[in-house]
Amino acid sequence: MGAMSVRPNPEAAARQAENPAPHRAGFACFVGRPNAGKSTLTNALVGRKVAITSNRPQTTRHTVRGIVHRPDAQLILVDTPGLHKPRTLLGERLNDVVRTTWAEVDVIGFCLPADQKLGPGDKYIVKELAGIKKTPKIAIITKTDLVESKQLAEQLLAVSRLGEELGFEWAEIIPVSAVKDQQVDLLSDLIAPLLPEGPPLYPEGDLTDEPEMVMVAELIREAALEGVRDELPHSIAVVVEEMLPREDRPADKPLLDIHANVYIERPSQKGIIIGPKGKRLKDVGTKSRKHIEALLGTPVFLDLHVKVAKDWQRDPKQLRKLGF
Ligand SMILES: Nc1nc2c(ncn2[C@@H]2O[C@H](COP(=O)(O)OP(=O)(O)OP(=O)(O)O)[C@@H](O)[C@H]2O)c(=O)[nH]1
Ligand SMILES: [Mg+2]
């Protein structure tokens, strides 16, 4: 853990001023169990919401790239779906996405929540990571605001031991709280020097490479996830069919028409999503529209429809249609 060893050194500072350190740019991915806080941490580092989050496991369903611009480096953070024991074809696809990603990045950040015992799911992930020898691995203890320092110390020890057990050493072990913005900048300081030298890979100001239509669909799904229970969160998928500027609008009063479908798996789920007298669906629309307008910077008319895509999580054809 080299984080604390940075002491002022006037000679080095002078040397650096003459001959600044080379710029670095590269990819770091966050992996961990569902609900570990990967997407919340990605957003905190980027400083804007690029990935949706929720208290339901398996919120993230594709890799989302968030870009951090620093004077000395550009960090491209790849937020991945939580790795879990798959029960559906969708689950298997999500796990494949994670494995492909961690084989391609320059740094891997393993996320472990401070408030949960290091379990078999974590061990399984770290064991696989141990096999990727060439890539530096950082252990990130997330959600530190939820525990006392004693519990945090135990978690730090547990993750360090797990590395030893599996025959490798973490490049760093760092506790963070994304919600309280504690140690988030330090994490970025620790990742930067592990990236390869090179010019920025994305233009200044780009915070993600997610297409707008995908981000809009995700914001709708985030709103739809709120308050639904049991298996329903897994059953929801959202596809934006169309985004078109309304014709005949004065230039100073534009309006963007967005048509989106909210898919569920069974007709019996329709009522839950729509709610009594359509109230739930209306709330989902109102809530997500605010986020969408903030994202796109224009007033929006949002038209939501609920459709059944029978058992889409298990059906290869449906999965393809929904973009998996
Ligand atoms: N108290 C606290 N809660 C957090 C923190 N980070 C994340 N959470 C909460 O933990 C839950 C899960 O967060 P996500 O960021 O969606 O987790 P994830 O690892 O991306 O989950 P998947 O996408 O399902 O794999 C949400 O309810 C977050 O608000 C934190 O630093 N402190
Ligand atoms: Mg996530």
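About the cut-offs
- Residues numbered from 1 in each chain as written.
- Chains lettered and ligands numbered in written order.
- Predicted model: local features only at pLDDT ≥ 70, side-chain atom pairs only at ≥ 80, totals over all residues.
- Heavy atoms only, no water.
- Near = heavy atom within 4 Å.
- Polar contact = N/O pair within 3.5 Å; in protein donor to acceptor, adjacent residues only side chain to side chain.
- Areas by Shrake-Rupley, 256 points an atom, 1.4 Å probe, with all protein chains shown as cover.
- Pairing = 2+ DSSP bridges.
- Helix = DSSP H or I, 4+ residues; strand = E, 2+ residues; numbered from the N terminus.
- Axes fitted to C-alpha atoms, helices over the stretch in contact; angles between N-to-C directions.
- Salt bridge = Lys/Arg side-chain N within 4 Å of Asp/Glu carboxyl O.
- Buried < 20%, exposed > 50% of the residue type's maximum accessible area, 1.4 Å probe, protein only.
- Donors = N, O, S within 2.8 Å, 3.2 Å for Na, K, Ca; no water.
- Contact = heavy atoms within 4.5 Å.
- Phe/Tyr/Trp six-rings, centres within 6.5 Å; stacked < 30°, edge-to-face > 60°.
- Arc of directions from axis to C-beta.
- pLDDT = per-residue confidence, 0-100.
- Domains from an automatic or database assignment.
- Buried area = accessible area lost by both parts, 1.4 Å probe.
- Nonpolar A, V, L, I, M, F, W, Y, C, P; charged D, E, K, R; others polar.

A. Region of interest: the site of ligand 1. Taken together, 22 residues form the shell around ligand 1, and within it Lys38, Thr40, Gln58, Thr59 and Asp145 come nearest. Measuring from an oxygen atom of ligand 1, one finds a side-chain N or O atom of Thr60 at 2.8 Å. Separating a nitrogen atom of ligand 1 from a side-chain N or O atom of Asp145 is a distance of 2.7 Å. When isolated, ligand 1 has an accessible area of 660 Å², and the protein chains bury 88% of it.

B. Up close: the sheet that holds strand S9 (residues 300-308). Strand order in this open sheet of 3 strands is S7-S8-S9, and the pairing throughout is mixed. Edge strands, defined here as strands with exactly one partner in the open sheet, are strand S7 (237-245) and S9. Mean inter-strand twist for the sheet, computed between neighbouring axes without regard to direction, equals 15 degrees. Here strand S8 (residues 256-264) pairs with S9 via 9 bridges, running parallel.

C. Seen up close, the pattern of salt bridges. The tally for this structure, following the rule as stated, stands at 14 salt bridges. The partner of Asp189 in a salt bridge is Arg70, and the shortest N-O contact between them spans 2.8 Å. Linking Asp189 in helix H6 (residues 184-191) with Arg70 in the loop between strand S2 (64-69) and strand S3 (73-79), this pair joins segments that are 119 residues apart in sequence. For Lys150, the salt bridge goes to Glu154, with nearest N and O atoms at 3.3 Å. Residue Lys150 and its partner Glu154 are both found in helix H5 (residues 149-165); the two are separated by 4 residues, about one turn of the helix. Note on Glu154: relative accessible area 43%, which makes it partly exposed.

D. Representation of the coordination of the magnesium ion (ligand 2) within the structure. Around the magnesium ion (ligand 2), the protein supplies Ser39 (OG) and Thr60 (OG1) as donor atoms, at distances of 2.0 to 2.1 Å. Taken together, the residues span a long stretch of sequence, with Ser39 in helix H2 (residues 38-46) and Thr60 in the loop between H2 and S2 at a distance of 21 residues. Thr60 carries the same exposure label as Ser39, and that label is buried.

E. Seen up close, the side chain of Asp257. Note on placement: Asp257 falls in strand S8. Reaching out from Asp257, the side chain makes a polar contact with the side chain of Arg246 at a distance of 2.6 Å. Each residue touching Asp257, except ones within four places of it in the same chain, is listed here: Glu242, Met243, Leu244, Arg246 and Phe301.

F. Region of the structure containing the packing of aromatic side chains. Scanning the entire structure with this criterion turns up 3 aromatic pairs. Ring geometry for Phe110 and Trp170: centres 5.9 Å apart, planes at 15 degrees, overall stacked. Here Phe110 is found in strand S4 (residues 107-113), whereas its partner Trp170 is found in the loop between H5 and strand S6 (172-175), with 60 residues between them in sequence. No difference in accessibility class separates Phe110 from Trp170, as the two residues are buried. Members of the aromatic cluster, each reached through a chain of ring pairs, are Phe110, Phe168 and Trp170.

G. Structural context of H6. All buried positions along H6 are accounted for by Val184, Leu187, Ser188, Leu190 and Ile191. Down the axis of H6, the buried side of the element spans an arc of 160 degrees, and every buried residue falls inside it. Considering only its buried residues, H6 is in contact with strand S1 (24-31), H2, S3, S4, strand S5 (137-142) and S6.

H. How the structure looks around the confidence of the model for the protein. Per-chain confidence: the protein averages 92 in pLDDT, with 94% of residues scoring 70 or above. Confidence drops under pLDDT 50 across residues 1-5; counting only partners more than four residues distant or on other chains, this segment forms 6 contacts.

I. Representation of the side chain of Gln269. Inspection of the secondary structure puts Gln269 in the loop between S8 and helix H9 (270-274). At 3.1 Å, the side chain of Gln269 forms a polar contact with the side chain of Ser235. If sequence neighbours within four positions are ignored, Gln269 has contacts with Leu232, Ser235 and Ile264.

J. Just the sheet that holds S6, in detail. Read from one edge to the other, the open sheet built from 6 strands follows the order S2-S3-S1-S4-S5-S6, with strand pairing classed as mixed. The open sheet has two edge strands with one neighbour each: S2 and S6. With strand direction ignored, the average angle separating the axes of adjacent strands in the sheet is 25 degrees. By the bridge criterion, 4 bridges tie S1 to S4 in an arrangement that is parallel. What sits directly across from Phe30, in S4, is Gly109. This element, helix H4 (residues 120-130), spans S1, S4 and S5 of the sheet and lies at about 165 degrees to S4. Against the sheet, H6 touches S1, S3, S4, S5 and S6, its axis set at about 165 degrees to S6.

K. Main features of the domain arrangement of the protein. With domains assigned, the protein is organised as domain 1 (21-194) and domain 2 (212-321). Computed over C-alpha atoms only, the centres of domain 1 and domain 2 are separated by 29 Å. Listed as interface residues are 17 residues of domain 1 and, on the opposing side, 22 residues of domain 2. Between domain 1 and domain 2, a total of about 1,600 Å² is buried, with carbon and sulfur atoms accounting for 54% of that surface. For the domain 1 face of the interface with domain 2, the top three residues by lost area are Ile52, Arg56 and Arg61, together amounting to 36%. Applying the counting rule to domain 1 against domain 2 returns 1 salt bridge. Linking Glu222 and Lys49 is a salt bridge whose minimum nitrogen-to-oxygen distance equals 2.8 Å. Its residues assigned to classes, the side of domain 1 that touches domain 2 shows 5 nonpolar, 6 polar and 6 charged.

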